[in-house]
Structures are given as structure tokens and as C-alpha cells.
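Here's the letter readout for the chains.
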Amino acid sequence: MIVALTITKFRGFTIPFAFIGMAILRIPLWLNKRCRFWKLMGSGKDAQVDLPPDYKHWAILTTWDNREDYNTFYHESFAMKWFNFFSIESFTILLKPLSSHGLWSAKEPFKVQKTDQNHSGKIAVITRAAIRFNKLKEFRHNVKRAADAMRNAPGFILSAGIGENPFFDQATFSIWEDAESMKAYAYQSHDHSDVIKLTRERKWYKEELFARFGIIDSWGSLNGVEINTNN
């Protein structure tokens, strides 16, 4: 399986076309039978985690059986041509699932091959949660400290906040130097472990997913910075 994530920055005066795209691009994606799973998403301010919505940054996540199908989509699809036409900056990363637990819109989007589980080098992580309406204020009050701890953690490279809904359906995408640095943040960071504990105790989420990926390829930049994902 190939998982592709593109984060695009739209020109300020073309933001209305970003909103239009979120509506009309669902049709060709739904009709594309080679695309196994897709999400059109917004982003946090400057594509960061735990900040207010940013109407310039938008994302598209898709999954494919092979690289050839994705290449065809990237070069020929109406959806990618729409994103590329209005963008002033774009970052794309291709991933292979190493592990995945949980659901996204009641589906298991990432298929893991046993042969892919032995991996060394840089990894990417997607965490996604559907937040209960009555827990939103409590969640937002606590999540910032976990995001701040992540950005300061050893081995951290990049993070981006994305999601179908800026308040209730949120995902965090991050890149790490290796699995060890990611695990050290997840299990040894006081702020992160405390937030995870509260998540379980307070039942903030009605649905959640955690997935790790190996990095196949990437190109482009985010916030003016070219991201080197080569191991």
C-alpha cells in the first residue's frame, strides 16, 4: 500500500477556491476506484498543531495499491491539478504503513504487510481523533502542552495539524528521526503521557487512530522549508 499526503498553501485571494475544492473534489475522488481511502482536510495555522484554523493550508490524503496508481493520480487527476493550480507551495510525502490501530470514519484505512514491520530510519506518525462535543473545551485546553512538548522533543523533525473539521475531527502528522525518539516522546514526555491518561479517563474521543509509517519519498516544502526525509 502507498499512503500519500499533500499539504498545499493557497494564495490569499484564491482561498474561496479552496473551499469550493473541498466540496467538488469529493466527486472525482469518490469515482476513482483505484483510490482505496481519501480525505480532504483543512489545517491549523501555518499547518501547525493545536492552533486556530488556517484557511490558506489544505491537505489531501489518499491510499493506493501501488506507486503507479498514485503517479497517475498525481500527474493526471482533476483533484491534484486543482491543488497545484492555486498553490504557492506544496509538500508531498509517500508512506508505507508499519502499524495501524483504530478507525477513521469507521474504516481501517491503512493495510499493513508483515514484511514491512521491520524498519529502521526516519518514520512518520498519524494520530487522528473524533472529539466528543461536550469534551471539546477540555481537549483544547490540554492538547497545546502535548504539542509544545513534541516540537521540543529530541529526534523531532516536523509536525502538521490537519483534519476534516477544524474543531471536532483532528489529526496530527509528524516525522521523527527514528522509532526510538518517537517512543521516547510518547512514553517519557510528562505532558504527552499525562494528556493520554486524561484521554482515557475523561473519554474525550468517540473514535481514534494511531498509525506509523516508513517514508518512501517526499518533495516540496512547508512554510518555506524543504523537508529532507532521506534516511
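Note that the structure is predicted; figures quoted are calculated from it, not measured.

What counts as what
- Residues numbered from 1 in each chain as written.
- Predicted model: local features only at pLDDT ≥ 70, side-chain atom pairs only at ≥ 80, totals over all residues.
- Heavy atoms only, no water.
- Helix = DSSP H or I, 4+ residues; strand = E, 2+ residues; numbered from the N terminus.
- Rg over C-alpha atoms; globule rule 2.2 N^0.38 Å.
- Buried < 20%, exposed > 50% of the residue type's maximum accessible area, 1.4 Å probe, protein only.
- Contact = heavy atoms within 4.5 Å.
- Areas by Shrake-Rupley, 256 points an atom, 1.4 Å probe, with all protein chains shown as cover.
- Lys, Arg positive; Asp, Glu negative; His and termini not counted.
- Charge placed at Lys NZ, Arg CZ, Asp CG, Glu CD.
- Phe/Tyr/Trp six-rings, centres within 6.5 Å; stacked < 30°, edge-to-face > 60°.
- Pairing = 2+ DSSP bridges.
- pLDDT = per-residue confidence, 0-100.
- Patch = residues over 30% accessible without salt bridge, like charges linked within 9 Å, V, L, I, M, F, W, Y side chains within 5 Å.
- Salt bridge = Lys/Arg side-chain N within 4 Å of Asp/Glu carboxyl O.
- Arc of directions from axis to C-beta.

## Structural notes on the overall build of the chain
Of the regular secondary structure elements, the chain holds seven helices and nine strands. By the compact-globule yardstick of 17 Å for 231 residues, the chain fits well, its C-alpha radius of gyration being 17 Å. Along the first, second and third principal axes, the C-alpha set of the chain runs to 45 × 40 × 35 Å. Burial statistics for the chain: of 231 residues in total, 51% are counted as buried. When contacts within the chain are restricted to residue pairs at least 6 apart in sequence, long-range pairs at least 24 apart make up 77% of them. Counting every atom, the chain has about 11800 Å² of accessible surface; 53% of that belongs to carbon and sulfur. Across the chain, the mean location of the 31 positive side-chain charges is 6 Å away from that of the 24 negative side-chain charges.

## What about the packing of aromatic side chains?
Inspection of every chain in the model, using the stated rule, returns 17 aromatic pairs. Pairing Y70 with Y74 gives two aromatic rings, centres 5.9 Å apart and planes at 40°, and the pair type is tilted. Of this pair, Y70 and Y74 both sit in helix α3 (residues 67-76), four residues apart, roughly one helical turn. Note on Y70: relative accessible area 1%, which makes it buried. An aromatic cluster is present here, built from F10, F17, F78, W82, F83, F85 and F86 joined pairwise through their rings.

## What to know about unusual backbone geometry
Positive phi outside glycine occurs at S105, with the angle close to 55°. Secondary-structure assignment places S105 in the loop between β4 (87-102) and β5 (123-131). For N223, which is not a glycine, the phi torsion comes out positive at approximately 55°. The residue N223 is located in the loop between β8 (205-222) and β9 (225-226) in this model. Judged by its relative accessible area of 33%, N223 falls in the partly exposed class.

## A short note on the pairing of strand β2 (residues 37-44)
Most of β2 is tucked away: eight of the eight residues are buried. In this sheet, strand β3 (residues 53-64) lies alongside β2 in antiparallel orientation, the contact comprising eight bridges. When the sheet's bridge partners are listed, L40 is paired in β3 with I60. Bridge analysis of β2 against strand β6 (residues 156-165) gives two bridges, and the strand direction is antiparallel. Bridge pairing in β6 places G42 opposite G163.

## Focus: the confidence of the model for the chain
Scored by pLDDT, the chain has a mean of 87; 93% of the residues are at 70 or more. Per-element averaging of pLDDT across the chain places helix α7 (residues 190-202) at the bottom with 71 and α3 at the top with 97.

## Some details on a nonpolar patch on the surface
A surface patch of nonpolar side chains, about 340 Å² in accessible area, is lined by F17, I20, I24 and F78. Looking at the nonpolar patch, the element that brings in the most residues is helix α1 (residues 15-24), giving three residues. Its place among the elements puts F17 in helix α1.

## With respect to helix α4 (residues 78-86)
Regarding α4, the residues found buried are A79, M80, W82, F83 and F86. One side of α4 holds all its buried residues, which, seen down the axis, span an arc of 155°. Lining the buried residues of α4 we find β1 (2-10), α1, β2, β3, α3 and β4.

## Brief notes about the pattern of salt bridges
Applying the stated rule across the entire model yields nine salt bridges. D69 is the partner of R34 in a salt bridge, and the nearest nitrogen-oxygen pair spans 3.2 Å. Taken together, the positions of R34 in the loop between α2 (26-31) and β2 and D69 in helix α3 put the pair 35 residues apart, joining distant regions of the chain. One salt bridge connects R128 with E164, and the closest N-O pair in it is separated by 3.5 Å. With a gap of 36 residues between them, R128 in strand β5 and E164 in strand β6 connect regions that are remote in the sequence. Here R128 falls in the buried class, since its relative accessible area comes to 4%. In the salt-bridge network here, residues are joined through shared partners; they are K39, R128, E164, D169 and E207.

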